[in-house]
Amino acid sequence: MPIYFSEHEVVLPGQLLSDNGKRSGEGTYSIGGKVYASRVGFATVKDNKVHVISFKGTYKPMPGDRVIGIISDVKPNGFEVNLGKHLTGIIRIPDREQVQNMKLKVGDVIYVKVKASGLGGVLLERSERIKKFESGLLIQIHPTKIPRLIGKRGSMIIMVKKLTGCDIVVGKNGLVVINGPSPKNEFAAMKAIQMIENEAHTSGLTERVEKMIKEILSR
């Protein structure tokens, strides 16, 4: 079934997006077998579903989300992790010796998966696979702009990584770690990500990002 918008077009509540009601995703609703926007935002297709991403909105943790956080407190039974915007996650570890063996301290930046989220708070998975960043540049963008940063099938983030030579890890909560071969390369990646965040709703963005990165690296 056809869709009635271009990728990342700004749509309004009530706007017809698709003739297939089964494609209704976040930020949409289905009536009479058709999909309509339920809010103002960017229209996009992900996993064969039509979504509308709000311009603004706080990050809502979901089980399975991979997030970047900063260790804010070390307790006998685990860790408190700052996930940004006054949001705190908890890693619960009943064994005090295991807490010590993980060698995490206040200020460490980690990449971890959300286990559960509800009235009891945000519970993060305790795992030996928790990634600790030893170096890099930490920046924050609005969580609703993450899909635009990633791009369709990962196209945007792959391009930025390739052109800058940087390893870029993106958390669903809007925190991003950039680790590159030089400060100039990390700066180019940071400026590219900021451009994507600020101009997510515009057309021709990929070409402008590519041009800017090449200009920075040629200086």
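Placed above this text is the structure.
Residues numbered from 1 in each chain as written. Predicted model: local features only at pLDDT ≥ 70, side-chain atom pairs only at ≥ 80, totals over all residues. Heavy atoms only, no water.

### Observations regarding the layout of surface pockets
Then, number 1: Roughly 1000 Å³ of internal volume is contained in the largest pocket.
Then, number 2: For the largest pocket, the lining is made up of 30 residues, of which Glu 26, Lys 46, Pro 143, Pro 147 and Lys 172 are closest to its centre.
Then, number 3: Across the lining of the largest pocket, the residue classes break down as 11 nonpolar, 8 polar and 11 charged. (1 Å grid on protein atoms, 1.4 Å probe; cavity = no way out; pocket = protein on both sides within 12 Å on 5 of 7 lines; lining within 4 Å. Points joined across faces, edges and corners; volume = space filled by probe spheres on them. Nonpolar A, V, L, I, M, F, W, Y, C, P; charged D, E, K, R; others polar.)

### A word on the packing of aromatic side chains
Then, number 1: Inspection of the entire model under this criterion finds 1 aromatic pair.
Then, number 2: Plain terms: the ring middles of Tyr 29 and Tyr 36 are 5.6 Å apart, the flat faces sit at 20° to each other, and that makes the pair stacked.
Then, number 3: Here Tyr 29 falls in the partly exposed class, since its relative accessible area comes to 31%. (Phe/Tyr/Trp six-rings, centres within 6.5 Å; stacked < 30°, edge-to-face > 60°. Buried < 20%, exposed > 50% of the residue type's maximum accessible area, 1.4 Å probe, protein only.)

### A few points about the pairing of strand β5 (residues 41-46)
Then, number 1: With 2 bridges joining them, strand β1 (residues 10-11) and β5 adopt antiparallel strand pairing. Counted as the bridge partner of Val 11 is Gly 41 from β5. (Pairing = 2+ DSSP bridges. Helix = DSSP H or I, 4+ residues; strand = E, 2+ residues; numbered from the N terminus.)

### Overview of unusual backbone geometry
In most cases, non-glycine residues show a negative phi, while peptide bonds are predominantly trans.
Then, number 1: Even without being glycine, Asp 47 reaches a positive phi, approximately 55°.
Then, number 2: Within the secondary structure, Asp 47 is located in the loop between β5 and β6 (49-53).
Then, number 3: With a phi close to 55°, Lys 103 is a non-glycine residue in the positive phi region.
Then, number 4: As for its placement among the helices and strands, Lys 103 is situated in the loop between α1 (96-101) and β10 (109-118).

### Side note on the pattern of salt bridges
Then, number 1: Summed over all chains, the structure comprises 9 salt bridges.
Then, number 2: For Asp 73, the salt bridge is made with Lys 75, and the minimal N-O distance between the two is 3.2 Å.
Then, number 3: Residue classification places Lys 75 among the partly exposed residues on the basis of a relative accessible area of 31%.
Then, number 4: Between Lys 132 and Asp 108 there is a salt bridge, with its nearest N and O atoms 3.3 Å apart. Taken together, the positions of Lys 132 in strand β12 (residues 131-133) and Asp 108 in the loop between α1 and β10 put the pair 24 residues apart, joining distant regions of the chain.
Then, number 5: Judged by its relative accessible area of 27%, Lys 132 falls in the partly exposed class.
Then, number 6: Here the salt bridges do not stand alone but share partners, grouping Asp 73, Lys 75 and Glu 80 into one network. (Salt bridge = Lys/Arg side-chain N within 4 Å of Asp/Glu carboxyl O.)

### Some thoughts on a nonpolar patch on the surface
Then, number 1: Judged by side-chain polarity, Val 10, Leu 12 and Val 40 come together as a nonpolar surface patch covering roughly 220 Å² of accessible area.
Then, number 2: Here Val 10 shows up in strand β1.
Then, number 3: Look at Val 10 and you get partly exposed, because its relative accessible area is 35%. (Patch = residues over 30% accessible without salt bridge, like charges linked within 9 Å, V, L, I, M, F, W, Y side chains within 5 Å. Areas by Shrake-Rupley, 256 points an atom, 1.4 Å probe, with all protein chains shown as cover.)

### Points about the sheet that holds strand β15 (residues 175-179)
Then, number 1: The antiparallel open sheet is built from 3 strands, whose spatial order is β13-β15-β14. Where the open sheet ends on each side, the last strands, each with one partner, are β13 (137-140) and β14 (167-170). Each adjacent strand pair in this sheet contributes to an overall mean axis angle of 20°, direction not counted.
Then, number 2: Its contacts with the sheet place helix α4 (residues 183-198) against β13, β14 and β15, and it is angled at close to 150° to β15. (Axes fitted to C-alpha atoms, helices over the stretch in contact; angles between N-to-C directions. Contact = heavy atoms within 4.5 Å.)

### Description of helix α3 (residues 155-164)
Then, number 1: Those residues of α3 that sit buried are Met 156, Ile 157, Met 159, Val 160 and Thr 164. Relative to the axis of α3, the buried residues are bounded by an arc of 160° and lie together on one face. More than 90 degrees from the buried face of α3, the exposed residues found are Ile 158 and Lys 162.
Then, number 2: Those residues of α3 that are buried are in contact with α2 (146-150), β14, α4 and α5 (205-218).
Then, number 3: With its phi angle positive at about 70°, Gly 165 sits one or two positions after the end of α3. (Arc of directions from axis to C-beta.)

### Quick look at the nonpolar core
Then, number 1: Counting 25 residues, the largest nonpolar core has Leu 149, Val 160, Ile 168, Val 176, Ile 178, Ile 193 and Val 209 as its most contacted members.
Then, number 2: Among the secondary structure elements, those contributing two or more residues to this core are α2, α3, β14, β15, α4 and α5.
Then, number 3: Element by element, the count of residues in this core is highest for α4, at 7 residues.
Then, number 4: Each residue touching Leu 149, except ones within four places of it in the same chain, is listed here: Ile 141, Met 156, Ile 157, Val 170, Val 176, Ile 193 and Ile 196. (Core = buried A, V, L, I, M, F, W, Y, C linked by side-chain atoms within 4.5 Å.)

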